[in-house]
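Each chain, written out:
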Amino acid sequence: MMSSRLVRYSFFAFVALLAFAAGVWLNPERQAGPAEPTAADALYAINLPDLQNKPQKLDQWRGKVLVVNFWATWCEPCRKEIPLFVQMQEKHGAKGLQFVGISIDQADKTSEFAANFKINYPNLIGTFDTVEVSRLAGNKRRVLPYTIILDRKGQISATEMGGITQEKLDALLLPLL
């Protein structure tokens, strides 16, 4: 007699504990811990000087299709893809496309290069430490060029290691516009 009563009470206690745990878990007002920062968060937090030495934060372009290109003036594949970026910025900028270059080079060399190539999008001056942010987005070998494409919601939609072609860029960008 005593053991069946103990089993019954144990069962009710277990059900009550389960109901309590479910209520805590399903409560929409419960406190969640801080979210882990993402590679996109790290990109948007970048604050680097532009060619006029004015600090620029990538966050100012949130809401656009953002193409962030890590490059250097001495990088041959970079030199080949930049005219394509200039063309795409001209053609699709009004549709919400924004290219931003992050040069891992000296400011004077980058300014001269930008003038010679008629770069029509912002270029920021980074350091080798800045390349670490690209590593978070998949650039494990820290190579240049490295291109990261973020959609309008601020999520990384694609990355490209090495030079990129017109066909590949069209395939990655046009659906986002």
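Above this text is the structure in question.
Read on for a plain summary of the structure. Quick caveat, the model's predicted, so the values are computed rather than measured. (Residues numbered from 1 in each chain as written. Predicted model: local features only at pLDDT ≥ 70, side-chain atom pairs only at ≥ 80, totals over all residues. Heavy atoms only, no water.)

### What about the overall build of the protein chain?
Looking only at helices and strands, the protein chain has six helices and seven strands in total. Buried residues in the protein chain amount to 39% of all 177 residues. (Helix = DSSP H or I, 4+ residues; strand = E, 2+ residues; numbered from the N terminus. Buried < 20%, exposed > 50% of the residue type's maximum accessible area, 1.4 Å probe, protein only.)

### So, the packing of aromatic side chains
Tallying each qualifying case throughout the model produces four aromatic pairs. Judged by centre distance (4.1 Å) and plane angle (10 degrees), the rings of phenylalanine 113 and phenylalanine 117 are stacked. Above the face of the tyrosine 44 ring, arginine 62 is positioned so that its terminal group lies 3.9 Å from the ring centre. (Phe/Tyr/Trp six-rings, centres within 6.5 Å; stacked < 30°, edge-to-face > 60°. Lys NZ or Arg CZ within 6 Å of the ring centre and 35° of its normal.)

### Quick look at the state of the cysteines
A covalent bond bridging the sulfur atoms of two cysteines is what the word disulfide describes. Using the criterion set out here, one finds one disulfide in the structure. Two residues, cysteine 75 and cysteine 78, share a disulfide whose sulfurs are 2.4 Å apart. Judged by the torsion about the S-S bond (80 degrees), the cysteine 75/cysteine 78 disulfide is right-handed. For cysteine 75, a relative accessible area of 5% translates into the label buried. Judged by relative accessible area, which is 0%, cysteine 78 ranks as buried. (Disulfide = S-S within 2.5 Å.)

### Considerations on the pairing of strand β6 (residues 146-150)
The element β6 is extensively covered by neighbouring structure, given that five of its five residues are classed as buried. Of the two faces of β6, both are covered, the one formed by Tyr146, Ile148 and Leu150 as well as the one formed by Thr147 and Ile149. Relative to strand β7 (residues 156-161), β6 runs antiparallel, the two being bridged by five bridges. The residue of β7 that forms the bridge with threonine 147 is glutamate 160. Linking β6 back to β7 in an antiparallel pair, the connection comprises five residues, with glycine 154 at a positive phi of about 85 degrees. (Pairing = 2+ DSSP bridges.)

### Things to note about the sheet that holds strand β4 (residues 97-103)
Judged by pairing direction, the sheet is mixed, and its five strands sit side by side in the order β5-β4-β3-β6-β7 without closing on themselves. Each edge of the open sheet carries a strand with a single partner, namely β5 (123-125) and β7. Ignoring strand direction, the axes of neighbouring strands in this sheet form an average angle of 20 degrees. Both strand β3 (residues 65-71) and β4 contribute to a ladder of seven bridges, which runs parallel. Bridge pairing links phenylalanine 70 to isoleucine 102 in β4. Contacts from helix α3 (residues 76-92) reach β3, β4 and β6, with the element oriented near 150 degrees to β4. (Axes fitted to C-alpha atoms, helices over the stretch in contact; angles between N-to-C directions. Contact = heavy atoms within 4.5 Å.)

### Description of the environment of tryptophan 74
Mapped onto the fold, tryptophan 74 is located in the loop between β3 and α3. C-alpha separation for the pair tryptophan 74 and threonine 110, spaced 36 residues apart in sequence, amounts to 9.9 Å. When sequence neighbours within four positions are dropped, the list of residues in contact with tryptophan 74 reads Ile104, Asp105 and Leu144.

### Re the pattern of salt bridges
Per the counting criterion, the structure on display carries four salt bridges. Residues arginine 62 and aspartate 59 are paired through a salt bridge, measuring 2.8 Å at the closest nitrogen-oxygen approach. The exposure class assigned to arginine 62 is partly exposed, which follows from its relative accessible area of 41%. Each of the salt bridges in this network shares a partner with another, and the network as a whole consists of Glu132, Arg135 and Arg142. (Salt bridge = Lys/Arg side-chain N within 4 Å of Asp/Glu carboxyl O.)

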